[in-house]
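Survey of secondary and tertiary structure
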Amino acid sequence: MTVGERRWLIAGNWKMHTTYEEALELAGAIQQRCRSLPDVEVVLIPPFPWIVPLAERLRGSAIALGAQTCSAYDQGAYTGEVSARMIAPFCQYVIVGHSERRRLFAETDEVVAAKLRAALRYGLRPILCVGEDLEEREAGATLHVIEHQLRLACEALSLAECKRIIIAYEPVWAIGTGRPATPADAQSVAEWIRRWFVLRFGELDEQLRILYGGSVTAENARGFFEVPDIDGALVGGASLDAAQFCGIVEATRSAKARLE
Ligand code: 13P
């Protein structure tokens with residue numbers, strides 16, 4: 001078990017990768033390879049069209065499903081949108097505010113906040129992504145950027161709602177670059193995020209799960225899992241390879257080291 005009874009969470013964000021056949025094969029391989037570790041929650045986050053078939057394929061297994069985004073609206077004339085209400089029967093999680101959505105699809109903090117609330121309305125657990133880009137980091141603005149993102153997304157939430165959220169710290173410069181943050185840097189941001197929530201929501205601190213994302217691999221994951229405020233990983237590229245992804249799941253076992 002991790003610090004403060006927080007359960008590890010390893011989530012694979014497949015982004016816009018895989019054909020239907022590849023998705024079934026990858027999910028099957030992960031299901032076979034990933035030893036079921038009671039302290040670890042494993043979540044696959046495939047493209048929308050594969051969610052329903054994977055939900056059937058994984059029924060009865062310990063692997064959960066998530067969606068990569070959801071609409072801010074519940075239903076209506078919104079061509080191309082997929083609502084939290086549609087996703088909820090098949091998924092437990094949904095990513096909101098991923099930097100690719102913010103940057104490539106012009107999602108503002110206000111839109112991210114509306115999506116977060118939509119996800120909560122339908123009982124999904126939002127994985128809220130925050131993180132600075134390289135220019136912001138070099139300007140020493142990392143915490144300023146993250147504070148802004150957290151405040152606009154979360155300040156109107158109740159304590160009960162906050163308890164359902166997972167935060168993913170994903171520095172934009174580390175995503176898909178093969179240049180992860182150092183575990184020490186990720187820890188200092190995660191610690192700051194936890195403190196930010198404590199100041200606003202008091203008793204939340206020990207329950208809030210904070211993930212690191214950005215070039216996590218089976219080789220470097222252990223370093224992130226040995227620091228006290230990181231409770232798992234949001235994995236992109238390495239989640240498309242069953243051996244890599246399950247290697248990351250296995251790396252949580254080093255967690256014991258941080259309790260001793
Ligand atoms: P990579 O693991 O490919 O860097 O992607 C991270 C990410 O964006 C997960 O959401």
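For the structure itself, look to the data block above.
As a starting point, this report considers the structure included with it. Every value quoted in this text rests on a predicted model; they were computed, and no experiment measured them. (Residues numbered from 1 in each chain as written. Predicted model: local features only at pLDDT ≥ 70, side-chain atom pairs only at ≥ 80, totals over all residues. Heavy atoms only, no water.)

Attention shifts here to empty space enclosed by the protein. One pass over the full model with this rule turns up 1 cavity of 30 Å³ or more. Roughly 50 Å³ of internal volume is contained in the largest cavity. Every residue lining the largest cavity is listed: Gly97, His98, Ser99, Arg102, Cys129, Val130, Gly131, Gln149, Glu170 and Val172. Going through the elements one at a time, α4 (99-104) and β5 (125-130) are the ones with two or more residues in the lining of the largest cavity. Of the residues assigned to the lining of the largest cavity, the class counts are 3 nonpolar, 5 polar and 2 charged. (1 Å grid on protein atoms, 1.4 Å probe; cavity = no way out; pocket = protein on both sides within 12 Å on 5 of 7 lines; lining within 4 Å. Points joined across faces, edges and corners; volume = space filled by probe spheres on them. Helix = DSSP H or I, 4+ residues; strand = E, 2+ residues; numbered from the N terminus. Nonpolar A, V, L, I, M, F, W, Y, C, P; charged D, E, K, R; others polar.)

Residues Ala64 and Gly66 line one face of strand β3 (residues 64-67) and the alternating positions Leu65 and Ala67 line the opposite face, and both faces are buried. Relative to β3, strand β2 (residues 40-45) runs parallel, the two sharing 2 bridges. Bridge pairing in β3 links Leu44 to Leu65. Of the crossover connections in this fold, the one passing from β2 over helix α2 (residues 51-57) to the parallel β3 is right-handed. When β3 meets strand β4 (residues 93-96), the two strands line up parallel, connected through 2 bridges. Looking at the pairing, Ala67 lines up with Val94 of β4. (Buried < 20%, exposed > 50% of the residue type's maximum accessible area, 1.4 Å probe, protein only. Pairing = 2+ DSSP bridges. Right-handed = clockwise from strand over helix to strand, strands pointing away.)

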